[in-house]
Amino acid sequence: MHPPLSLIVVNYGTPQLVLNLLESVAQHSDVALLREVIIVDNGFPERGDTSNHVSPSAFAFPICFVQNSSASYASGVNRGVAVSSGPLVVVANSDVEWVPASSITPICAALEDPAVGIAGPQLVFPDGRWQRSYGPFPSLGQALRNVLFAENIANAVASWRHAARPTPPGIRRVDYVDGAFMVIRRACFDTVGGFDEAFNFYVEDADFCWRARERGWITQFVPTTSMMHVRGASSTILAPLTFYEKLFAAKVAFVERHFGRARARSYAHAQRLSLVQLSVVYGAAALVHGTSSWKDRAAAARRAAEAAAAAMQTTS
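Residues numbered from 1 in each chain as written. Predicted model: local features only at pLDDT ≥ 70, side-chain atom pairs only at ≥ 80, totals over all residues. Heavy atoms only, no water.

**Thoughts on the environment of V90**
Next up, step 1: Mapping V90 onto the fold places it in strand β4 (residues 88-93).
Next up, step 2: When residues no more than four places from it in sequence are discounted, the contact partners of V90 are L5, S6, L7, I8, I104, F181, M182 and V183. (Helix = DSSP H or I, 4+ residues; strand = E, 2+ residues; numbered from the N terminus. Contact = heavy atoms within 4.5 Å.)

This is the structure in structure tokens:
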């Protein structure tokens, strides 16, 4: 029998998504693993306090609500974990749902290894398409691989393999798993000291896994478990350029903290170059194929490149 789970749901004024998440787990056999659900309203009570929309009596598991005026994802996670009691903590975005044909038990099994402190599933879009679920730590080397399109090619291959529906690849050790859905050993969380609230917009998941690794903990990707993730349900609150600028700045801040200022500057230039290249490639593909998907990719890459330039001017 696996240890009970404390589910921490960080909400940004999206109570309907929280309800969807709760209903998905309530109808799943994994509900037997839940000790409690803690919903953190992350600084947006004026957009719809979840307690006004979610009735705890409608569910078989205990539900409590926490207000977090600090509003960042990192602080929301910390506030939620602080009132939890389970030996395993599930940290989830509000735009995640349990997949009926999948189960979290393979992740729980992976965490039976006392060296494993963090594990994450294969995330999929609502239509079942592959979604990036883990990654390398932001670094100069990673940015240079982006210049060579290595990561884009790897993602395209992974997406193709997922669509072909072969047997999922095996569990493997990774740098970090996506913060949209992470299962964390409580002992690991406490040893690391929780999420660093200095990262108030993205990269907090990578930073947490980095600091866990420094303390000897292993992070694993468990593709035999799938979770549906809308992706962007909270970040769409921001204007596109603001979103990309904050994301770029957060990655540069991560590199500076862990590799030094000189590396961070080089990383910023290389990463911006990769985004410019990507916008050119996607733009050419949009002209050739004329499809809306290529046009959307080209527009997103162009905005990301513009935001990178703006962020570099702000921090230089």
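Picking up after the structure, the text goes on.
**Observations concerning the packing of aromatic side chains**
Next up, step 1: Using the criterion set out here, one finds twelve aromatic pairs in the structure.
Next up, step 2: Ring plane angle 40° and centroid distance 5.7 Å describe the contact between F189 and F208, whose orientation is recorded as tilted. Highlighted residues: F189 in helix α6 (residues 186-192) and F208 in helix α7 (residues 204-214), separated in sequence by 19 residues.
Next up, step 3: Among the residues examined, F189 registers a relative accessible area of 6% and is labelled buried.
Next up, step 4: Relative accessible area serves as the criterion here: at 0%, F208 is assigned to the buried category.
Next up, step 5: Here W210 and F259 contribute two aromatic rings whose centre-to-centre distance is 5.3 Å and whose plane-to-plane angle is 75°, an arrangement assigned as edge-to-face. (Phe/Tyr/Trp six-rings, centres within 6.5 Å; stacked < 30°, edge-to-face > 60°. Buried < 20%, exposed > 50% of the residue type's maximum accessible area, 1.4 Å probe, protein only.)

**Focus on helix α2 (residues 73-82)**
Next up, step 1: Across the ten residues that make up α2, a large majority, eight, are buried.
Next up, step 2: Where α2 is buried, its residues meet β1 (5-11), β2 (34-41), β4, α6 and α7.

**Brief notes about the environment of F259**
Next up, step 1: For F259, the position within the fold is in helix α8 (residues 240-259).
Next up, step 2: With a relative accessible area of 32%, F259 lands in the partly exposed category.
Next up, step 3: Linking F259 and P138, residues 121 residues apart in sequence, is a C-alpha distance of 9.9 Å.

**So, the packing of helix α4 (residues 140-147) against helix α5 (residues 150-163)**
Next up, step 1: The N-to-C vectors of α4 and α5 enclose an angle of 75°; their axes lie 5 Å apart at closest approach. Taken together, α4 and α5 sit at an angle that is classed as roughly perpendicular. Packed against α4, whose contacting residues are Q142, R145 and N146, the element α5 presents A150, E151 and N152 at the interface.
Next up, step 2: Tallied by class, residues from the contact of α4 with α5 come to one nonpolar, three polar and two charged. (Axes fitted to C-alpha atoms, helices over the stretch in contact; angles between N-to-C directions. Parallel < 35°, antiparallel > 145°, perpendicular 65-115°, else oblique. Nonpolar A, V, L, I, M, F, W, Y, C, P; charged D, E, K, R; others polar.)

Any functional reading would require information that these geometric values do not contain.
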